[in-house]
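Next come the chains, spelled out residue by residue.
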Amino acid sequence: MAWDRMESDWFATNLECLKRIYPGVEPLLRSTIPKLYLLQCATSPVTPSGCYCDPQADLHVVDRFAGSGLAFPLFERIQQWDLLERRGRRLLLIEDRPDWLRAEFSRADWRPLIQSENCLFIFDFPQGNELQRFLERYPEIAYAETAFYPGDTGAAPDRGLKLSTLFQLYREGIARYIETICREQQGIKSPPFPRTIRFPVAGHNYLQDACVQAFQRLGYGAERWQWKNPLYRFVRSAAWIHEWKTAPVDLLFFLNATPATFTGGSDIHRLPWGKIVWFVDNPRRYVFRPSDLAGCDVIGVFDRAYIPYLQTLTHAPVIEVPTAYGIVPGQGKVNPEFSKIDIAFVGELGARGFIPLERMLAEWQPKWLAAAGAVLRSADMTQPVDLASLAQEHFAPAGVDYQGALVDYLENKATALRRRYYLEALSGMGLRIFGGNEWADPAHAGPLAARYAGRRLEYISELPALYASAKININIFHVQCVTAPNPRVYDVLAAGGFLLTTANSGLENEFVDGRDLVIFRSREELREKAAYYLAHPQERRAIAESGREHTLASHGYHDRMQRFLYALGSKAGDPHVYICR
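Residues numbered from 1 in each chain as written. Predicted model: local features only at pLDDT ≥ 70, side-chain atom pairs only at ≥ 80, totals over all residues. Heavy atoms only, no water.

1. Some thoughts on the pairing of strand β7 (residues 251-255)
Two faces, one strand: in a regular strand the side chains alternate between the faces of the sheet.
Step number 1: The buried fraction of β7 amounts to 5 of the 5 residues, a majority that puts the element mostly inside the structure.
Step number 2: Of the two faces of β7, both are covered, the one formed by L251, F253 and L255 as well as the one formed by L252 and F254.
Step number 3: Pairing between strand β5 (residues 196-199) and β7: 2 bridges, direction parallel. Of the residues in β7, the one forming a bridge with R198 is L252.
Step number 4: Bridge count between β7 and strand β8 (residues 274-279): 5 bridges; the pairing is parallel. Note that in β8 the partner of L252 across the bridge is K275. (Buried < 20%, exposed > 50% of the residue type's maximum accessible area, 1.4 Å probe, protein only. Helix = DSSP H or I, 4+ residues; strand = E, 2+ residues; numbered from the N terminus. Pairing = 2+ DSSP bridges.)

2. Considerations on the sheet that holds strand β10 (residues 318-320)
Backbone-to-backbone hydrogen bonds pair the strands of a sheet. The strands run either parallel or antiparallel.
Step number 1: The sheet built from 6 strands is open, its strands ordered β6-β5-β7-β8-β9-β10 with parallel pairing. Of all strands in the sheet, those with a lone pairing partner are β6 (221-224) and β10, marking the two edges. Averaged over all pairs of adjacent strands, the angle between strand axes in this sheet comes to 20 degrees, irrespective of strand direction.
Step number 2: Sheet analysis places β8 next to strand β9 (residues 298-301), joined by 4 bridges and oriented parallel. Among the inter-strand pairings, W278 is bridged to a residue of β9, identified as G300.
Step number 3: Its contacts with the sheet place helix α9 (residues 205-217) against β5, β6, β7 and β8, and it is angled at close to 165 degrees to β6.
Step number 4: Across the sheet, helix α24 (residues 557-571) touches β7, β8, β9 and β10, and the angle it forms with β8 is around 135 degrees. (Axes fitted to C-alpha atoms, helices over the stretch in contact; angles between N-to-C directions. Contact = heavy atoms within 4.5 Å.)

3. Comments concerning helix α15 (residues 366-378)
Step number 1: For α15, with 13 residues, the first-to-last C-alpha span of 19 Å sits near the 18 Å given by 1.5 Å per residue.
Step number 2: Every buried residue of α15 is accounted for by W368, A371, A372, G373, A374, V375 and L376. (Expected span 1.5 Å × (residues − 1).)

4. Focus on the sheet that holds strand β12 (residues 431-434)
Step number 1: Ordered in space as β12-β11-β13-β14-β15, the 5 strands form an open sheet in which the pairing is parallel. The sheet is open, and its two edges are formed by β12 and β15 (518-520), each paired on a single side. For this sheet, the mean inter-axis angle between neighbouring strands, taken without regard to orientation, is 25 degrees.
Step number 2: Sheet topology note: the strand β11 (residues 343-346)/strand β13 (residues 472-475) ladder contains 3 bridges and is parallel. Directly across from I343, in β13, lies its bridge partner I472.
Step number 3: Most of the contacts of helix α22 (residues 523-535) go to β15, to which it runs at about 150 degrees, and overall it touches β11, β13, β14 (499-502) and β15.

5. Here's the deal with the packing of aromatic side chains
Step number 1: According to the stated counting rule, one finds 31 aromatic pairs in the structure shown.
Step number 2: A ring pair is formed by F338 and F434, whose centres lie 6.1 Å apart and whose planes are at 90 degrees; its orientation type is edge-to-face. Placement of the pair is F338 in the loop between β10 and β11 and F434 in strand β12, with a sequence separation of 96 residues.
Step number 3: Take F338: its relative accessible area is 2%, and that puts it in the buried class.
Step number 4: Grouped by ring-pair contacts, the aromatic residues Y22, F65, F72, F105, W110, F121, F123 and F125 constitute a single cluster.
Step number 5: One cation-aromatic arrangement involves R77 over W81; the distance from NZ or CZ to the ring centre is 5.6 Å.
Step number 6: Seen from the ring of F345, R488 lies directly overhead, with NZ or CZ sitting 5.9 Å from the centre. (Phe/Tyr/Trp six-rings, centres within 6.5 Å; stacked < 30°, edge-to-face > 60°. Lys NZ or Arg CZ within 6 Å of the ring centre and 35° of its normal.)

6. A closer look at the confidence of the model for the chain
Step number 1: Averaged over all residues, the pLDDT of the chain is 87; the fraction at 70 or higher stands at 88%.
Step number 2: Within the model, pLDDT remains below 50 along residues 1-5, and this stretch shows 5 contacts once partners closer than five positions in the same chain are excluded.
Step number 3: In the predicted structure, residues 42-49 sits below a pLDDT of 50 and forms 14 contacts with residues beyond four places in sequence or in another chain. (pLDDT = per-residue confidence, 0-100.)

Have a look at this one:
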């Protein structure tokens, strides 16, 4: 009876989640008899404070995790660490006892770990050689800095030794391969311009695609590195080795990452590749120390407000490279679906970017959460503001630097407050909001939930038509845009849309207010200008056309990419910009 009661709680639920990922394990576990004493005597998992977790390791391996209570606190701890230091730590759980596994899945909810990309299960049964087969197929994973945790203290003494020896065997093999390719590259002179350019970082895919296409139009062999098997993203320390085997390159282009923060190791610096880094978000989210920027030839940042911070961490050239338009301008045609919209806003509320962090900080570090609240109360979030100095002042007494997830949390929450503040002024003027479904939740969006259009638009095929069709497009800058426009400014204008936007100094450097776009600085001014331009369509269309011509002439990604090539050539003593190969 006790077994039936436990099974109805979690076993079926966990198994349903598991079988979509590991279908072969499901029938075996269904026919397995569980360890009854584990069900009757197991206590709740140990707390994180009672579990030592090696902070230097990228891969945390628990052998025989069932019944040990190690998996949950380790998972929580590496999640907490990665909030402040994005090293991509991962958890690998090994189990060769199906009876213990069934019992474990019957007493707790394992779905967060099963579904997480940060956790991988190896079910080392029935043959007992699944781990070796796994490493034979993906040896690069063993190259990560690894920590081992014995889940079964009663196991044979040599079991842990065999496990670590197996990982070490593959690690040494990868090290020998790296030495070989480094020797092969000695004495090879890099070409005066990059023949092959690779973008190795996932994320901001639409922006990466725009950059790749810009390089291709300039005549370069540019591509994105996309690992078809997600296991090469599981531990990234040596994923580039896998790519090098089939596609050597001249230049690596990192977006919101660096060679060190992307790979988690230093061996990539030994190869004679050019390395360009471009931060299109606040770099305080991604780099914390000089070693994070080691090996970079040129560092670009979308907003000049962050140049002093980066210059404290590196001697490499740091240049301002704004974003640009990434849409296909020819797609900006009036669509009947959108032509009746008076005022359109495209963007995220930002709740998903701060609510999970807020909950975790409330449990884990309430002092940090209090410091973030003090920053929000002391600054005018409705206007352009650089939060760094103010945040450092409030976080210092809490014993933490303003970086990583704290930047994510504070900026996303401030942006959500800013967007609600301005958009609520337009609620009764025909506003339609396109974005994630967080806009549909009144708990987050308030009265704006009623203005939600119910969907997010596809970047290439739908957004240009919306921008061209809506009478007025609203832009409310994310807080991280201190002195620089965001891509939406350029995209709206390139599509031929009329733009009404909040202010920052970067707009005034590139556009003329009232000629290319229109700027507002208060809720009252927003309502007044929205009403005026709705009533004056000829003026609205003339401004939109001027903004389009100016943007298409000067603000494409091919313009931005040439800035990097010029800086790369200048560093090498050759200040020419090579337009094509």
